[in-house]
Amino acid sequence: MCGIVTAISTQNVVPVLLEGLRKLEYRGYDSAGLAVLYNNDLVRLRAAGRVADLAAMADERSLAANIGIAHTRWATHGEPSERNAHPHISDGLAVVHNGIIENYEEIRERLTAKGFKFTSETDTETIAHLVKDKLNEGLDLFEAVRLAANELEGAYAIGVVCENDSTRAIVARKGSPLLLGVGEEGMYAASDTSALLQVTRKVIYLEDGDVAELKLDGYRICLSDGTPVERGITVSSLSADAIELGQYRHYMQKEIFEQPQALANTLEMIAGGNVVSPQVFGAQAGEVLGATRRVLIIACGTSFHAGLVARYWLESIAGIPCSVEIASEYRYRTSVPDPDTLVVVISQSGETADTLAALKHAKSLGMNKTLAICNVPESAIVRETALRFITRAGPEIGVASTKAFTTQLAALALLTLSMAKVNGRLTEEDESRYLTAMRHLPVAVAKVLELEPEIEQWAQRFASKQHALFLGRGRHWPIAMEGALKLKEISYIHAESYAAGELKHGPLALVDRDMPVIAVAPADELIEKLKSNLQEVRARGGELYVFADAGSEIPESDGVHILHMPEHYGMLSPVLHVIPLQLLSYHAALVKGTDVDKPRNLAKSVTVE
Ligand code: HGA
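Keep in mind the model is a prediction, meaning the values are calculated, not measured.

What counts, and where the lines are drawn
Residues numbered from 1 in each chain as written. Predicted model: local features only at pLDDT ≥ 70, side-chain atom pairs only at ≥ 80, totals over all residues. Heavy atoms only, no water. Pairing = 2+ DSSP bridges. Helix = DSSP H or I, 4+ residues; strand = E, 2+ residues; numbered from the N terminus. Contact = heavy atoms within 4.5 Å. Axes fitted to C-alpha atoms, helices over the stretch in contact; angles between N-to-C directions. Buried < 20%, exposed > 50% of the residue type's maximum accessible area, 1.4 Å probe, protein only. Right-handed = clockwise from strand over helix to strand, strands pointing away. Arc of directions from axis to C-beta. Near = heavy atom within 4 Å. Polar contact = N/O pair within 3.5 Å; in protein donor to acceptor, adjacent residues only side chain to side chain. Areas by Shrake-Rupley, 256 points an atom, 1.4 Å probe, with all protein chains shown as cover. 1 Å grid on protein atoms, 1.4 Å probe; cavity = no way out; pocket = protein on both sides within 12 Å on 5 of 7 lines; lining within 4 Å. Sits in = over half its atoms within 2 Å of the grid points. Nonpolar A, V, L, I, M, F, W, Y, C, P; charged D, E, K, R; others polar.

Some words on the sheet that holds strand E3 (residues 41-47)
Link 1 in the chain: Strand order in this open sheet of eight strands is E3-E2-E4-E1-E10-E9-E11-E14, and the pairing throughout is antiparallel. At either margin of the open sheet sits one strand with a lone partner, and together these are E3 and strand E14 (234-235).
Link 2 in the chain: Two elements, strand E11 (residues 202-205) and E14, share two bridges in a ladder whose sense is antiparallel. Within E14, the position partnered with Val 203 by the bridge is Thr 234.
Link 3 in the chain: Running over the sheet, helix H1 (residues 14-24) touches strand E1 (3-9), strand E2 (31-38), strand E4 (67-73) and strand E10 (186-190) and is turned about 160° from E1.
Link 4 in the chain: Here helix H2 (residues 51-60) sits on the sheet and contacts E2, E3 and E4; the angle it forms with E3, its principal contact strand, is near 140°.

As for the pairing of strand E18 (residues 370-374)
Link 1 in the chain: Among the five residues that make up E18, five are buried, leaving the element largely enclosed by the rest of the structure.
Link 2 in the chain: The alternating pattern of E18 places Thr 370, Ala 372 and Cys 374 and Leu 371 and Ile 373 on opposite faces, both of which are buried.
Link 3 in the chain: As defined by bridge partners, strand E17 (residues 341-347) adjoins E18 across five bridges and the pair is classed as parallel. Across the sheet, the residue bridging to Ser 347 is Cys 374, located in E18.
Link 4 in the chain: Handedness of the E17-helix H11 (residues 353-364)-E18 crossover: right-handed.
Link 5 in the chain: Examined bridge by bridge, E18 and strand E19 (residues 387-390) share four bridges and lie parallel to one another. Bridging from a neighbouring strand, Cys 374 pairs with Ile 390 of E19.

As for the environment of Arg 146
Link 1 in the chain: With respect to the secondary-structure elements, Arg 146 resides in helix H5 (residues 141-151).
Link 2 in the chain: What makes Arg 146 buried here is its relative accessible area of 9%.
Link 3 in the chain: When the C-alpha positions of Arg 146 and Tyr 498 are compared, they lie 50 Å apart, and in sequence the two are 352 residues distant.
Link 4 in the chain: Discounting residues that sit within four places of it in the chain, Arg 146 has contacts with Val 211, Leu 223, Ser 224, Asp 225 and Gly 226.

Some details on H2
Residues three or four positions apart in an α-helix share a direction because the helix packs 3.6 residues into each turn.
Link 1 in the chain: All of the buried residues along H2 are Val 51, Leu 54, Ala 55 and Ala 58. Taken around the axis of H2, the buried residues stretch over an arc of 100°, which confines them to a single face. Among the exposed residues of H2, those pointing more than 90 degrees away from its buried face are Ala 52, Asp 59 and Glu 60.
Link 2 in the chain: The inward-facing, buried residues of H2 abut H1, E2, E3 and E4.
Link 3 in the chain: Once H2 ends, the next one or two residues include Ser 62, with phi positive near 50°.

Brief notes about the sheet that holds strand E13 (residues 218-222)
Link 1 in the chain: Overall, antiparallel pairing links the six strands, which are arranged E5-E6-E7-E8-E12-E13 in an open sheet. Where the open sheet ends on each side, the last strands, each with one partner, are strand E5 (88-90) and E13. Mean inter-strand twist for the sheet, computed between neighbouring axes without regard to direction, equals 20°.
Link 2 in the chain: Where helix H4 (residues 124-136) meets the sheet, it contacts E5, strand E6 (93-101) and strand E7 (154-162), and its direction lies at approximately 130° from that of E6.
Link 3 in the chain: On the sheet, H5 packs against E6, E7, strand E8 (168-174), strand E12 (211-215) and E13 and is oriented at approximately 15° with respect to E8.

Let's talk about the site of the ligand
Link 1 in the chain: Surrounding the ligand, one finds 15 residues, the nearest of these being Arg 73, Trp 74, Thr 76, Asn 98 and Gly 99.
Link 2 in the chain: One of the backbone nitrogen or oxygen atoms of His 77 is found 3.0 Å away from an oxygen atom of the ligand.
Link 3 in the chain: Measuring from a nitrogen atom of the ligand, one finds a side-chain N or O atom of Asp 123 at 2.8 Å.
Link 4 in the chain: If the ligand stood free it would expose 320 Å²; the protein chains cover 100% of that surface.
Link 5 in the chain: Spatially, the ligand is embedded in the largest cavity.
Link 6 in the chain: Looking at which element gives the most residues to the shell around the ligand, the answer is E6, with three residues.
Link 7 in the chain: Classifying every residue of the shell around the ligand gives five nonpolar, eight polar and two charged.

So, in structure tokens, the structure goes:
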């Protein structure tokens, strides 16, 4: 979700700020802005549109400066508009902010009574006036930001610059991501590393409550109470190239086709051997998994669907009871904590605010056996858990998650085998058989990707539909859910998913000629049951699009379209079956002409509640 860049340099920072915002575009945003100090005067530009519009405005004015802050906004308080775009200004002091200030109304009232004039509907503007209020009391800028931050409830990452104080920028964070960049020519801060690779690889991850001062010749960091603190420098290994689009039309397309490589990278540690080693989840994993009596998976969106697949695996293969919860529900409900439960949090970015809060909630209830499955090694969620598994999908830019999902499934399959092993439920023969199947997965996925031309033809017919129903059974029900979510997200076609056995309990009423029904139909133990459910659809005139695989034996007929995937893949079949559904959504969106990588109203890493 929205992003921040801050820079102070001996060179012109305007191109750095703009390039940083471009790199953060993938997080999703609706408006952009920047403020720089030029000859000690504040200059602000804001655009209720894309970063490209902002860059054009900066170009037109030949804007140049050595210090500035910049922002892409994903509105939470106040409509997306130029007036609400950041930076927000209070008499020469400018602030960019990522997050939500929960007590902003109370602060706003207090400051209004003191004579401050508000010009936007945002919660962020209260921060600008609050800091200014402290400056008016005679405090130095660093102290003003620190003390103002202490009054804020909610989540924030902020960047501040002030007229007549052009030797420094101040940043602070709590809840929302923010890191510092230590460069040759200056100091920087941003919401993630990708924005700073243009100037440095040396980054410092700020902790909750940290306030930092960036100057040309260095930086200092304090805790919220003002105590100076040292934070280590990490040299990022993120590759800048991984973020380029290359030969592909969209990031989503690129990422769908990167799945064989992403899976191979993620499963690299099992490439050579024939045994499952729980240590891939961390040095203590053998011990922790051995003492685990239940698993609770917490996630949102696509990651939640990965968790639902894992429930089938964990219970049937590892014999471990497993429940899966939506993070935003779990964090607010009264649940019964159990210290012997392993809490598994899944998030592509590792910054998903609801998942992070749910994890903290679980820990506050005494559940300290925690495992993160994330795609970003230095993310907030990874830093909060005892165990971790980093998927190696590479940066995922498209808002609709694809390669993150399949690599999460790979990680969860490894978790299942590790838990089965520590519980004495994995025979040597099964261990070797599962590992062989996992190693072959990249090749199997590559073969499914070859079906793209046929899927593209199906997508042509879909694009004119208003609604679609996705059906699956067993471990493929969550795949049907994921297929429906993908279609909604990027083609805006209303899609619902059901466990096929539920059809007759309600949704069958929706089925008629105009309702395409997509079935995930692998040749597993439930295929005969599923076939009966498909008959129920056909009998009501519903048109069926069936993703079968080797051995599903469903004959093609009038109104029954079948696409055969090359192999049946047993336990890991969900990893293969999601691929055609990703392609179907992608091509339906192309036909409809929607903004595939940045669908309306959505953002990539959802760092607000
Ligand atoms: N609450 C602020 C910032 C929103 C944000 O962080 N978006 O990702 C606003 O609405 O402007």
